[in-house]
Amino acid sequence: MILEALASAVLGLILAWAAAHSLSHRLPTRPLVLCTGVAGALFGDFVTHTALGPGVAWLSLVGAAVISAASLSLLIRPAGGLRRRSLTA
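Computed from a predicted model, the values in this text were never measured in an experiment.

## Considering the environment of L3
The residue L3 is located in helix α1 (residues 2-22) in this model. Looking at L3, the relative accessible area reads 68%, which means it is exposed.

Printed below as a string of structure tokens:
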């Protein structure tokens, strides 16, 4: 269980680093992205491990990667910035 959590945290860190490296112009600060990736991976591992039970560590890592990627995708900002319109438009 400890190794599974450690592996999912490392997986989340790798996913967050890759996202911060490739989408740095559309993401907030790097520490927030890294923390979100790790937290999402740990939460995904917890949910998958709780749902499937022990014995399927590779599926727990897949769940950790999916939840980590989903939580990182929530941080992406629009490329063009916010466009303000008047109320009458």
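Structure's up, so let's keep going.
## Remarks on the nonpolar core
Ranked by size, the top nonpolar core spans seven residues in total: A16, A19, A20, L27, V33, L72 and L75. When residues of this core are assigned to their parent elements, the largest contribution, three residues, is made by α1. Not counting the four nearest positions on each side in its chain, A16 is found in contact with V33, L34, G37 and L72.

## Looking at helix α2 (residues 30-52)
When the terminal C-alpha atoms of α2 are compared, their 33 Å separation across 23 residues agrees well with the 33 Å that a helix rising 1.5 Å per residue should span. When we look at burial in α2, the residues that qualify are V33, T36, G37, G40, A41, G44, D45, T48 and H49. Residues of α2 that are buried in the fold lie against α1 and α3 (57-73). Looking one or two residues past α2, G53 carries a phi angle of roughly 90°, positive in sign.

## Here we look at the environment of I76
In this fold, I76 is placed in the segment after α3. Taking relative accessible area as the criterion, I76 reaches 33% and is therefore assigned partly exposed. As a C-alpha pair, I76 and L23 span 53 residues in sequence and 8.2 Å in three-dimensional space.

## Concerning a nonpolar patch on the surface
Taken together, the side chains of F43, F46, V47, W58, V62, V66 and I67 define a hydrophobic patch exposed on the protein surface, amounting to about 710 Å² of accessible area. For the nonpolar patch, the elements supplying multiple residues, two or more each, are α2 and α3. Here the nonpolar patch takes four residues from α3, the largest share from any one element. Within the element layout of this structure, V62 appears in helix α3.

## Describing the packing of α1 against α2
Relative to each other, α1 and α2 sit at 140°, their axes nearing to 7 Å. Of the possible angle classes, the one that applies to α1 and α2 is oblique. The chirality of how α1 crosses α2 is right-handed. Only R30, V33, L34, G37, V38, A41, L42, D45 and H49 of α2 make contact with α1, whose side of the interface consists of E4, A5, S8, A9, G12, L13, A16, W17, A20 and H21. Broken down by class, the residue content of the contact of α1 with α2 amounts to 11 nonpolar, five polar and three charged.

## A look at the side chain of H49
Along the polypeptide, H49 turns up in helix α2. Here H49 is in contact with M1, E4, P54 and S60, once residues within four sequence places are set aside.

What counts and what doesn't
- Residues numbered from 1 in each chain as written.
- Predicted model: local features only at pLDDT ≥ 70, side-chain atom pairs only at ≥ 80, totals over all residues.
- Heavy atoms only, no water.
- Helix = DSSP H or I, 4+ residues; strand = E, 2+ residues; numbered from the N terminus.
- Buried < 20%, exposed > 50% of the residue type's maximum accessible area, 1.4 Å probe, protein only.
- Core = buried A, V, L, I, M, F, W, Y, C linked by side-chain atoms within 4.5 Å.
- Contact = heavy atoms within 4.5 Å.
- Expected span 1.5 Å × (residues − 1).
- Patch = residues over 30% accessible without salt bridge, like charges linked within 9 Å, V, L, I, M, F, W, Y side chains within 5 Å.
- Areas by Shrake-Rupley, 256 points an atom, 1.4 Å probe, with all protein chains shown as cover.
- Salt bridge = Lys/Arg side-chain N within 4 Å of Asp/Glu carboxyl O.
- Axes fitted to C-alpha atoms, helices over the stretch in contact; angles between N-to-C directions.
- Parallel < 35°, antiparallel > 145°, perpendicular 65-115°, else oblique.
- Left-handed = near helix turned anticlockwise from the far one by under 90°.
- Nonpolar A, V, L, I, M, F, W, Y, C, P; charged D, E, K, R; others polar.

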